[in-house]
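One-letter residues, chain by chain:
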Amino acid sequence: MYTNLKDKNVIIGVTASIAAYKSALLVREFIKSGANVKVIMTKAAREFITPLTLSTLSKNPVHTKFSTGDEGVWNSHVDLGIWADFMVMAPVTANTLGKMANGLADNLLIATYLSARCPVYFAPAMDLDMYHHPSTTANITKLKEYGNIFIEAGFGELASGLIGEGRMAEPSEIIKFISNDISKDLPLSNKKVLITAGPTHEAIDPVRFIGNNSSGKMGYALAKECANLGADVIVISGPTAETVSHKNIKVISIKSANDMYNSVHENIKNTDIGIFAAAVADYKPKFVVDKKIKKKTETLDIELVPTQDILASVGKIKTNQFLVGFALETDNELENAQGKLKRKNLDMIVLNSLKDSGAGFAHNTNKITIIERSGNISEFNLKSKQEVATDIIASVISKM
Ligand code: CTP
């Protein structure tokens, strides 16, 4: 599942190679990731895999000809080319490579290729001598010059029985390659982001704890935003009902402030951006009772001691990390938030005021003010937490 391929419009071009059977798997991989797939085949490709297989898997009719049926319905190559977010030519025979390189639009696939304004990936499949023929090499070079993206053939046993280069890349490699390629130009690609999220639970005895109402929604929304912008994200999460499934997000589940402290310090060194959205308990019981406390007395005193301030400890050792803190305040909001920004050595602090209805814990919305190290202050309207995450990350990117 590659979430950056969700809702992408993909044209898969299939040509007459024995590797055409792998196109079925490729279509399925794209569909599993939530992409919309249309397949265009050359006439000869139908000898290798049926349009019915590919139309069933892609959930769309497969196009082969410029027009369909007796009524003369035009399969507009122009519309198909414009519809696509990208085109994947897999497998590409030596013949189709030559046609692509020279603009020989004698079939719907090449006409669509020439009309497409989107990135085009091509994964050749042929016998080893054909693959190494100077004309093939020259055509591949030409296509790269046109800006098309080459997915190299692999080494192995070929349909001819010969062993060498020419096997089409496996569908799982092709989709991974494309997903990575799409992310590479994103603003946070190659950036590592660490996010703390949710509450912490400070144990009193084996069945009880001190906690708070943080839902983790804000931290998880920030994680999704960063991952969708290409970052590798680690979420260090206290107990929450939130879940996330994204190939760029790793969740480390912890319970207490002490666990969160340790996990943050294990991971902060290679981090570019640290976002501290967790509502960490400020105090924890001095002693954790190892057996369930029985109801024997009228009152029960629990002595509390401070937890470590995780963000302040990172602020002390930070090198190049861009640090973002949160401040949830009920009064003297700006002053308190500015004080935390300085005290914890932050680059930015996100203020939520509990005076604003719809802001803070457990809501799906939030109203924030962003205060930068420079003193710059930006106020935002009440928005969904996902939209708030977009605003916060846009501010971080603009300051980095
Ligand atoms: N924070 C942290 N570790 C703690 C307490 C807070 O990492 N033990 C982080 C929070 O994740 C947040 C920022 O510090 O990003 C500010 O948290 P907040 O609770 O508002 O501030 P405190 O410093 O705890 O001050 P107070 O509770 O007195 O307002």
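Rules behind the numbers
- Residues numbered from 1 in each chain as written.
- Predicted model: local features only at pLDDT ≥ 70, side-chain atom pairs only at ≥ 80, totals over all residues.
- Heavy atoms only, no water.
- Near = heavy atom within 4 Å.
- Polar contact = N/O pair within 3.5 Å; in protein donor to acceptor, adjacent residues only side chain to side chain.
- Areas by Shrake-Rupley, 256 points an atom, 1.4 Å probe, with all protein chains shown as cover.
- 1 Å grid on protein atoms, 1.4 Å probe; cavity = no way out; pocket = protein on both sides within 12 Å on 5 of 7 lines; lining within 4 Å.
- Sits in = over half its atoms within 2 Å of the grid points.
- Helix = DSSP H or I, 4+ residues; strand = E, 2+ residues; numbered from the N terminus.
- Nonpolar A, V, L, I, M, F, W, Y, C, P; charged D, E, K, R; others polar.
- Domains from an automatic or database assignment.
- Points joined across faces, edges and corners; volume = space filled by probe spheres on them.
- Pairing = 2+ DSSP bridges.
- Buried < 20%, exposed > 50% of the residue type's maximum accessible area, 1.4 Å probe, protein only.
- Arc of directions from axis to C-beta.
- Axes fitted to C-alpha atoms, helices over the stretch in contact; angles between N-to-C directions.
- Parallel < 35°, antiparallel > 145°, perpendicular 65-115°, else oblique.
- Contact = heavy atoms within 4.5 Å.
- Patch = residues over 30% accessible without salt bridge, like charges linked within 9 Å, V, L, I, M, F, W, Y side chains within 5 Å.
- Salt bridge = Lys/Arg side-chain N within 4 Å of Asp/Glu carboxyl O.

## Quick word on the site of the ligand
In step 1: Taken together, 15 residues lie around the ligand, and Phe276, Ala278, Phe326, Lys340 and Lys344 are the ones closest in.
In step 2: Between the ligand and Phe276 there is a distance of 2.6 Å, counted from an oxygen atom to a backbone nitrogen or oxygen.
In step 3: Notes on the ligand: free accessible area 570 Å², of which the protein chains cover 77%.
In step 4: One can see that the ligand is located within the largest pocket.
In step 5: Elements that contribute at least two residues to the shell around the ligand include exactly helix H11 (310-317) and strand E18 (322-329).
In step 6: Per element, the largest residue contribution to the shell around the ligand is four residues, and it comes from E18.
In step 7: By residue class, the composition of the shell around the ligand is eight nonpolar, three polar and four charged.

## A look at the domain arrangement of the protein
In step 1: The assigned domain composition of the protein is domain 1 (3-183) and domain 2 (192-399).
In step 2: The gap between the C-alpha centroids of domain 1 and domain 2 is 46 Å.

## What about empty space enclosed by the protein?
Left-over empty space is what a probe sized like a water molecule reveals as it rolls over the atoms.
In step 1: What the rule picks out here adds up to one cavity of 30 Å³ or more.
In step 2: Estimated volume of the largest cavity: approximately 30 Å³.
In step 3: Taken together, Glu202, Ala257, Asn258, Lys284, Thr307 and Gln308 make up the full set of residues lining the largest cavity.
In step 4: For the lining of the largest cavity, the residue count by class is one nonpolar, three polar and two charged.

## Considering the sheet that holds strand E6 (residues 120-124)
In step 1: Pairing in this open sheet of five strands is parallel, and the strands run E2-E1-E5-E6-E7 from one edge to the other. Both outer strands of the open sheet, strand E2 (36-41) and strand E7 (149-150), are each paired with one neighbouring strand and no more.
In step 2: In this structure, strand E1 (residues 9-14) lies alongside E2, joined through six bridges in parallel fashion. Bridging from a neighbouring strand, Asn9 pairs with Asn36 of E2.

## Here's the deal with helix H2 (residues 51-58)
In step 1: The complete set of buried residues in H2 reads Leu54, Ser55 and Ser58. Projected down its long axis, H2 carries its buried residues within an arc of 100°, all on one side. Counted as exposed and oriented over 90 degrees from the buried face of H2: Leu52 and Thr56.
In step 2: Positive phi appears at Lys59, one or two residues downstream of H2, with a value of about 60°.

## Quick look at the packing of helix H1 (residues 21-32) against H2
In step 1: Direction vectors running N to C along H1 and H2 enclose 10°, while the axes themselves pass 9 Å from each other. Taken together, H1 and H2 sit at an angle that is classed as roughly parallel. Here Ser23, Ala24, Val27, Arg28 and Ile31 of H1 come into contact with H2, specifically with Thr53, Leu54, Leu57 and Ser58.
In step 2: Its residues assigned to classes, the contact of H1 with H2 comprises five nonpolar, three polar and one charged.

## A look at the layout of surface pockets
In step 1: Roughly 880 Å³ of volume is contained in the largest pocket.
In step 2: Along its surface, the largest pocket is lined by 38 residues, and Ala278, Ala279, Val280, Phe326 and Leu328 are the ones closest to its centre.
In step 3: Taken together, the elements giving at least two residues each to the lining of the largest pocket come down to strand E10 (192-197), helix H9 (217-228), H11, E18 and strand E19 (348-353).
In step 4: The residue inventory of the lining of the largest pocket, partitioned by class, reads 19 nonpolar, 13 polar and six charged.

## Concerning a nonpolar patch on the surface
In step 1: Side chains of Phe66, Trp74, Val78 and Ile82 sit close together on the surface and give an oily, nonpolar patch of about 370 Å² of accessible area.
In step 2: One can find Trp74 in strand E4 (residues 73-74).
In step 3: The class of Trp74 is exposed, set by a relative accessible area of 53%.

## Considering the environment of Val235
In step 1: Checked against the element boundaries, Val235 lands in strand E13 (residues 232-237).
In step 2: The exposure class assigned to Val235 is buried, which follows from its relative accessible area of 0%.
In step 3: Excluding residues within four positions of it along the chain, Val235 makes contact with Ile195, Ala197, Tyr220, Ala223, Ile249, Lys250, Val251 and Ile252.

## A closer look at the side chain of Asn248
In step 1: Along the chain, Asn248 turns up in the loop between E13 and strand E14 (249-253).
In step 2: For Asn248, a relative accessible area of 9% gives the class buried.
In step 3: At a separation of 3.5 Å, a polar atom in the side chain of Asn248 contacts the main-chain carbonyl oxygen of Ala227.
In step 4: Apart from the residues lying within four places of it in its own chain, the contact partners of Asn248 are Ala227, Gly230, Ala231, Asp232 and Val233.

## Quick notes on the sheet that holds E14
What holds strands together in a sheet is hydrogen bonding between their backbones, with the strands either parallel or antiparallel.
In step 1: One open sheet accounts for eight strands, arranged E14-E13-E10-E15-E18-E19-E21-E22; its pairing is mixed. Each of the sheet's edge strands pairs with one partner strand only, and the pair in question is E14 and strand E22 (377-379). Ignoring which end each strand starts from, the neighbouring axes of this sheet average 15° apart.
In step 2: Looking at chain direction, E18 and E19 are connected through six bridges and run parallel. Bridge pairing links Leu328 to Asn352 in E19.
In step 3: Across the face of the sheet, H9 comes into contact with E10, E13, E14, strand E15 (273-276) and E18 while running at roughly 165° to E10.

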